[in-house]
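What follows is the residue order along each chain.
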Amino acid sequence: QVQLVESGGGMVQAGGSLRLSCTASGRTFSAMGWFRQAPGKEREFVSGIGWITGATYDAVSVRGRFTISKDNAKNTVFLQMNNLKPEDTAVYYCAGANTGPIATMAREYGYWGQGTQVTVSS
């Protein structure tokens, strides 16, 4: 059984930091990524990483503030979020893809975690 389990969400003031973690079990992926969905909005890509290549790619809105990384031995991906803004408030989802080392669209990801809430107050 494939599972993706996220942790690390919470509430923080603007300018603060949070670190999300996602541990996968049951299989490995060609790429893992983070998406987010705010109330009334569509799910959007945040950051992704190639599992073998280590290449990373980020949405423009988070570039320079968020950093994705991985620990292959623990099958875990991280999202370090710095200088958080109220507009970063959303449920953050971890996802796994097998379409290649670069995946930025939700439809490329076949496995999803349950989501973790991030709330940034002004």
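Residues numbered from 1 in each chain as written. Predicted model: local features only at pLDDT ≥ 70, side-chain atom pairs only at ≥ 80, totals over all residues. Heavy atoms only, no water.

Before we go on, may I ask you to explain the sheet that holds strand β7 (residues 66-71) in this structure?
Hydrogen bonds between backbone groups are what pair the strands of a sheet, and the pairing can be parallel or antiparallel. Pairing is antiparallel in the open sheet, where four strands are placed in the order β1-β3-β8-β7. The open sheet has two edge strands with one neighbour each: β1 (3-7) and β7. The sheet shows a mean angle of 15 degrees between the axes of neighbouring strands, taken without regard to direction. With six bridges connecting them, strand β3 (residues 18-25) and strand β8 (residues 76-81) associate as antiparallel partners. (Pairing = 2+ DSSP bridges. Helix = DSSP H or I, 4+ residues; strand = E, 2+ residues; numbered from the N terminus. Axes fitted to C-alpha atoms, helices over the stretch in contact; angles between N-to-C directions.)

Hey, could you run me through the environment of Val2 in this one?
As for its placement among the helices and strands, Val2 is situated in the segment before β1. Separated by 48 residues in the primary sequence, Val2 and Gly50 place their C-alpha atoms 19 Å from one another. Leaving out residues up to four positions away in the same chain, Val2 has contacts with Ser25, Gly26, Arg27, Phe29 and Tyr111. (Contact = heavy atoms within 4.5 Å.)

I'm lost on the state of the cysteines in this one. Help?
By definition, a disulfide links two cysteine residues through a covalent bond between their sulfur atoms. Throughout the structure, instances matching the rule amount to one disulfide. Here Cys22 is linked by a disulfide to Cys94, with a sulfur-sulfur distance of 2.0 Å. Looking along the S-S bond of the Cys22-Cys94 disulfide, the torsion reads about -75 degrees, which is the left-handed sense. Placement of the pair is Cys22 in strand β3 and Cys94 in strand β9 (residues 90-97), with a sequence separation of 72 residues. The residues Cys22 and Cys94 share a single accessibility class, namely buried. (Disulfide = S-S within 2.5 Å. Buried < 20%, exposed > 50% of the residue type's maximum accessible area, 1.4 Å probe, protein only.)

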